[in-house]
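Spelled out, the chains give:
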Amino acid sequence: LSMLASGGDNSMAIRVLQKAVGPKGFGLWAPSPQRAWVEAFPTGRSFVRTLTEKHTFSDPVLGSDLRVLIRQAETALGQAYYRQGSFQEGAAVYHKLLQEAAPTLPVLRGLGLSLTRLGRYDQAFKHLRAALEMEPNNGLTAGYLALCGAKGRPQQAEDRPKNVAWAVRQVSRFDGTGNPEYAAIMSAVHAEARSLNLDITREDQARLCSVLVSVK
């Protein structure tokens with residue numbers, strides 16, 4: 001978690017997290033969770049082990065519920081896969097989490113973004129929409145949702161121009177100045193609009209140009 005938060009080595013973070021959620025990780029202590037605080041720490045060098053050998057211990061930072069810790073580790077593993085560009089692996093981790101517990105913002109957003117990068121826009125749309133409902137002011141989530149709306153394939157072909165026009169309006173709602181990722185989203189959405197010869201307002205085109213210029 002620290003490596004991910006600090007922008008460290010994704011490959012190392014993945015290896016550590018895989019071990020944490022694997023059969024030789026937290027799962028070893030599923031039958032007796034309290035033993036994790038004893039056996040996971042080195043003898044003679046950990047005050048936590050010394051304490052927990054005699055008393056019941058609840059970690060003040062991480063808590064004592066191994067199920068929560070495993071879910072945190074799996075969520076972080078999905079994030080690490082995404083940052084590494086392993087979108088299929090990331091999507092698989094997030095999908096597993098979604099099947100096992102109530103949906104959370106990081107899981108919905110992570111699954112939606114991973115599916116978007118895989119080009120599975122229609123599947124990604126519903127997850128990103130749910131994430132945006134939880135965090136309405138997140139510009140990147142809204143941007144990727146708009147991208148899915150623009151690139152998705154509706155059941156009725158005549159709905160596509162409406163969807164692309166909606167996507168153009170969505171990306172214009174947020175300020176992507178200086179953000180290369182958001183600029184790429186806006187560019188892709190407007191490219192879909194041009195491919196359909198849609199009429200785009202002067203304001204929306206000016207906003208696109210301004211964002212593109214800001215990232216050179």
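Please refer to the structure placed before this passage.
Read on for a plain summary of the structure. Please read these numbers as outputs of a predicted model, since none were measured by experiment. (Residues numbered from 1 in each chain as written. Predicted model: local features only at pLDDT ≥ 70, side-chain atom pairs only at ≥ 80, totals over all residues. Heavy atoms only, no water.)

## Concerning the overall build of the protein
At step 1: Helices and strands together make up the secondary structure of the protein, namely twelve helices and zero strands.
At step 2: N-terminal to C-terminal, the α/β element order of the protein is α-α-α-α-α-α-α-α-α-α-α-α.
At step 3: Over its C-alpha trace the protein gives a radius of gyration of 22 Å, far above what one expects of a compact globule, namely 17 Å for 216 residues.
At step 4: Referenced to the eigenvectors of the C-alpha coordinate spread, the extents of the protein come out at roughly 75 × 35 × 25 Å.
At step 5: The buried share of the protein, taken over its 216 residues, is 39%. (Helix = DSSP H or I, 4+ residues; strand = E, 2+ residues; numbered from the N terminus. Rg over C-alpha atoms; globule rule 2.2 N^0.38 Å. Buried < 20%, exposed > 50% of the residue type's maximum accessible area, 1.4 Å probe, protein only.)

## Section: helix α6 (residues 87-100)
At step 1: When the terminal C-alpha atoms of α6 are compared, their 20 Å separation across 14 residues agrees well with the 20 Å that a helix rising 1.5 Å per residue should span.
At step 2: When we look at burial in α6, the residues that qualify are Phe87, Gly90, Ala91, Val93, Tyr94 and Leu97. Each buried residue of α6 lies within a common arc of 165° when the element is viewed along its axis, so the set occupies one face. (Expected span 1.5 Å × (residues − 1). Arc of directions from axis to C-beta.)

## Examining the packing of helix α5 (residues 66-84) against α6
At step 1: Running from N to C, α5 and α6 cross one another at 155°; their axes reach a closest spacing of 7 Å. The angle between α5 and α6 falls in the class roughly antiparallel. Along this stretch, α5 crosses α6, giving a crossing that reads as left-handed. Of the residues in α6, those touching α5 at Arg71, Glu74, Thr75, Leu77, Gly78, Gln79, Tyr81 and Tyr82 are Phe87, Glu89, Gly90, Val93, Tyr94, Lys96, Leu97 and Glu100.
At step 2: A class-by-class count of the residues in the contact of α5 with α6 yields seven nonpolar, four polar and five charged. (Axes fitted to C-alpha atoms, helices over the stretch in contact; angles between N-to-C directions. Parallel < 35°, antiparallel > 145°, perpendicular 65-115°, else oblique. Left-handed = near helix turned anticlockwise from the far one by under 90°. Contact = heavy atoms within 4.5 Å. Nonpolar A, V, L, I, M, F, W, Y, C, P; charged D, E, K, R; others polar.)

## Notes on the nonpolar core
At step 1: Tyr144, Val171 and Val189 are the most contacted members of the largest nonpolar core, which has 42 residues in total.
At step 2: Per element, the largest residue contribution to this core is seven residues, and it comes from helix α9 (residues 139-151).
At step 3: Setting aside residues no more than four positions away along its own chain, Val171 makes contact with Gly143, Ala146, Tyr182, Ile185, Met186 and Val189.
At step 4: Among the nonpolar cores identified, the runner-up in size contains seven residues, and Trp37, Val48, Phe57 and Leu66 belong to it. (Core = buried A, V, L, I, M, F, W, Y, C linked by side-chain atoms within 4.5 Å.)

## Quick look at the packing of aromatic side chains
At step 1: Using the criterion set out here, one finds four aromatic pairs in the structure.
At step 2: Through pairs of rings, three or more aromatic residues link up here, namely Trp37, Phe41 and Phe57. (Phe/Tyr/Trp six-rings, centres within 6.5 Å; stacked < 30°, edge-to-face > 60°.)

## Some thoughts on the environment of Ala193
At step 1: Following the sequence through the fold, Ala193 ends up in helix α11 (residues 180-195).
At step 2: Between the alpha carbons of Ala193 and Asp122 there is a distance of 18 Å; along the sequence they are 71 residues apart.
At step 3: The residues touching Ala193, leaving out its near neighbours within four places in the chain, are Val164, Val168, Leu198 and Ile200.

## Describing α9
At step 1: An ideal rise of 1.5 Å per residue puts 18 Å on 13 residues; α9 measures up with 18 Å between its terminal C-alpha atoms.
At step 2: Counting buried positions along α9 gives eleven out of 13 residues, so the element sits mostly inside the fold.
At step 3: Here the buried face of α9 lies against α5, α7 (105-117), α8 (121-134), α10 (160-171) and α11.

## Here we look at the pattern of salt bridges
At step 1: Counted under the stated rule, the structure contains nine salt bridges.
At step 2: The partner of Glu181 in a salt bridge is Arg117, with the nearest N and O atoms 3.7 Å apart. Of this pair, Glu181 sits in helix α11 while Arg117 is found in helix α7, placing the two residues 64 residues apart along the sequence.
At step 3: Its relative accessible area of 39% is what places Arg117 among the partly exposed residues.
At step 4: Measuring nitrogen to oxygen at the nearest pair gives 2.3 Å for the salt bridge that ties Arg160 to Glu192. With Arg160 in helix α10 and Glu192 in helix α11, the pair connects residues that are 32 residues apart, well separated along the chain.
At step 5: Taking the relative accessible area as the measure of exposure, Glu192 reaches 13% and is therefore buried.
At step 6: Salt bridges linked by common partners bring Glu74, Lys96 and Glu100 together as one network. (Salt bridge = Lys/Arg side-chain N within 4 Å of Asp/Glu carboxyl O.)

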